[in-house]
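Each chain, written out:
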Amino acid sequence: MRFARFARCLIFLYSFSFTLALSATARGQAQQAGPVERPFLGLQTELKNPQDPKSGVIVAYIWPLSAAKEMGFQIGDEIRTLNDVLITDPESFSKEVQKENVNAKLRFQIRRGGEDRKVEGRIGSREKTMKAYQESIRKELSGKPLPPLPGAAWWNPETKKWDEKLDPMAGLKGKLSVIMSFDDCEICKEKRYLRLTQMKTLLSQTTGPLPLEYVGVFYDVRPGKAGKEANLKTATALVTSSPPAVPIGVAFYPGDKVTPADREKQVLIHNHGVAILDTSGNVEFIQTLGVP
């Protein structure tokens, strides 16, 4: 009997060591190859005329520390051409940008204040830009309260409905809290939404000096899914298919109007980030790049 247990232990240790060796090899190969950098201009655009799908695009938001910011773009600029290609809608504009390599030179014809202008510059790296952006957010929010949601409806597991009168965030004081934002894409569902339940299940079995709380916030701005009603519909399907073990809310803006200042303030929901708050409700840690 003892020998059988000993043999099983040896097999486990061998398997574990072999797995570690494979992982180390894979990491070494990845480090040699280097991270793949994706082009990132740093503009969010919208239709010039929402009633006309080919009316052209205007700049709705400019990412801080981005190539577009350095080029001098402004909110409201109408983008006419990119490298002599006529731009008629946000989707075609995004596709043209993604064709370029990091550090490629871009030429724009824009219209600003009734005048035609030229803007040019080199496209940046998404990874480098977002890393720098995350660092700036951490410096700005560290030790400060997380900005309150613009508006939220919370899932009531008893009534199976969304309730704007509920406010689980108000009960976080005096506790360590993990707040995570997501939509229903496969990555968000697996790495954020379902991970909250996993964390709740695993960590509830441990004992610590302070209680832990978890909160999930749904927010989607993808075409066809943006806005309060669309978000509530999509979030309902999510919580129905995979019932949550933690409070889940849907964030929204009154009147579905989002300004650039709103985006600057609500970094958590607009970046599907994760934040850890101390017992006073101040930010101890925040991540806006990659999955937690």
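As the structure is a prediction and not an experimental result, all values here were calculated from the model. (Residues numbered from 1 in each chain as written. Predicted model: local features only at pLDDT ≥ 70, side-chain atom pairs only at ≥ 80, totals over all residues. Heavy atoms only, no water.)

### Some thoughts on the pairing of strand E12 (residues 212–218)
In terms of burial, E12 is largely enclosed, as five of its seven residues are buried. Sheet topology note: the strand E11 (residues 176–182)/E12 ladder contains seven bridges and is parallel. Bridge pairing in E12 links Leu176 to Leu212. (Buried < 20%, exposed > 50% of the residue type's maximum accessible area, 1.4 Å probe, protein only. Helix = DSSP H or I, 4+ residues; strand = E, 2+ residues; numbered from the N terminus. Pairing = 2+ DSSP bridges.)

### Some thoughts on helix H3 (residues 90–98)
Looking only at H3, the buried set comprises Pro90, Phe93, Glu96 and Val97. Buried residues along H3 cover an arc of 125° about the axis, so they all sit on one side. Buried residues belonging to H3 abut strand E1 (39–40), strand E2 (43–47), strand E3 (57–62), strand E4 (78–82), strand E5 (85–86) and strand E6 (105–112). For H3, the side-chain oxygen to backbone nitrogen distance between the N-cap and Glu91 is 3.1 Å, and the N-cap itself is Asp89. (Arc of directions from axis to C-beta. Contact = heavy atoms within 4.5 Å. Polar contact = N/O pair within 3.5 Å; in protein donor to acceptor, adjacent residues only side chain to side chain.)

### A look at the confidence of the model for the protein chain
Should the pLDDT be low somewhere, the predicted coordinates at that spot are not to be read in detail. Summary statistics for the protein chain give a mean pLDDT of 87 and a share of 86% for residues scoring 70 or more. Under a pLDDT of 50 for its full length, residues 1–26 has, in the predicted model, zero contacts with residues more than four places off or in other chains. (pLDDT = per-residue confidence, 0-100.)

### Quick word on the nonpolar core
With 24 residues, the main nonpolar core has Tyr133, Leu141, Leu146, Ile179 and Ile286 as its most contacted residues. If you list the elements that add at least two residues to this core, you get helix H4 (126–141), strand E9 (152–156), E12, helix H8 (267–270), strand E14 (274–277) and strand E15 (283–287). The biggest single contributor to this core is H4, with four residues. When neighbours within four sequence positions are excluded, Leu141 is seen to be in contact with Leu146, Pro147, Val267, Val283 and Ile286. (Core = buried A, V, L, I, M, F, W, Y, C linked by side-chain atoms within 4.5 Å.)

### Focus: a nonpolar patch on the surface
Among the surface-exposed residues, Leu202, Leu203 and Leu212 lie close enough to one another that they form a single nonpolar patch of about 250 Å² accessible area. Looking at the element boundaries, Leu202 is found in helix H5 (residues 186–203). With a relative accessible area of 56%, Leu202 lands in the exposed category. (Patch = residues over 30% accessible without salt bridge, like charges linked within 9 Å, V, L, I, M, F, W, Y side chains within 5 Å. Areas by Shrake-Rupley, 256 points an atom, 1.4 Å probe, with all protein chains shown as cover. Salt bridge = Lys/Arg side-chain N within 4 Å of Asp/Glu carboxyl O.)

### Some points on the packing of aromatic side chains
Any aromatic ring pair is given by two values, namely how distant the centres are and how the planes are angled relative to each other. What the rule picks out here adds up to eight aromatic pairs. Ring plane angle 55° and centroid distance 5.3 Å describe the contact between Phe182 and Tyr193, whose orientation is recorded as tilted. Taken together, the positions of Phe182 in strand E11 and Tyr193 in helix H5 put the pair 11 residues apart, joining distant regions of the chain. For Phe182, a relative accessible area of 0% translates into the label buried. Feature note: the residues Phe40, Tyr61, Trp63 and Tyr133 constitute an aromatic cluster, connected by ring pairs. Across from the ring centre of Phe252, 4.2 Å away, lies the NZ or CZ of Lys228, which sits over that ring. Across the ring face of Tyr61, the terminal group of Arg263 is positioned such that the distance to the ring centre comes to 4.2 Å. (Phe/Tyr/Trp six-rings, centres within 6.5 Å; stacked < 30°, edge-to-face > 60°. Lys NZ or Arg CZ within 6 Å of the ring centre and 35° of its normal.)

### Observations regarding unusual backbone geometry
The backbone phi angle of Asn103 is positive, close to 80°, even though this residue is not glycine. With respect to the helices, strands and loops of the structure, Asn103 is situated in the loop between H3 and E6. Under the relative-accessibility criterion, Asn103 is labelled partly exposed at 46%. Phi is positive for Lys160, close to 60°, though the residue is something other than glycine. In this fold, Lys160 is placed in the loop between E9 and strand E10 (161–163).

### Focus on the layout of surface pockets
Counted as a void, the second largest pocket has a volume near 290 Å³. Looking at the second largest pocket, it is lined by 17 residues, and the ones nearest its centre are Leu146, Pro147, Pro148, Met169 and Leu172. For the lining of the second largest pocket, the per-class residue count stands at 11 nonpolar, four polar and two charged. (1 Å grid on protein atoms, 1.4 Å probe; cavity = no way out; pocket = protein on both sides within 12 Å on 5 of 7 lines; lining within 4 Å. Points joined across faces, edges and corners; volume = space filled by probe spheres on them. Nonpolar A, V, L, I, M, F, W, Y, C, P; charged D, E, K, R; others polar.)

### Observations regarding empty space enclosed by the protein
A full pass over the atoms with the stated rule returns one cavity of 30 Å³ or more. Taken as a whole, the largest cavity encloses approximately 50 Å³ of empty space. Lining the largest cavity, in full, are Leu146, Pro147, Leu149, Lys265, Gln266, Val267, Leu268 and Ile269. Counting residues per element, the lining of the largest cavity draws most heavily on H8, which supplies three residues. Looking at the lining of the largest cavity residue by residue, the class counts come to six nonpolar, one polar and one charged.

### A closer look at the pairing of E3
Most of E3 is tucked away, with six of its six residues classed as buried. The pairing of E2 with E3 spans five bridges and is antiparallel. Within E3, the residue paired with Leu47 across the bridge is Val57. Here E3 pairs with E4 via two bridges, running antiparallel. From the neighbouring strand, Ile58 faces E4, where its bridge partner is Glu78.

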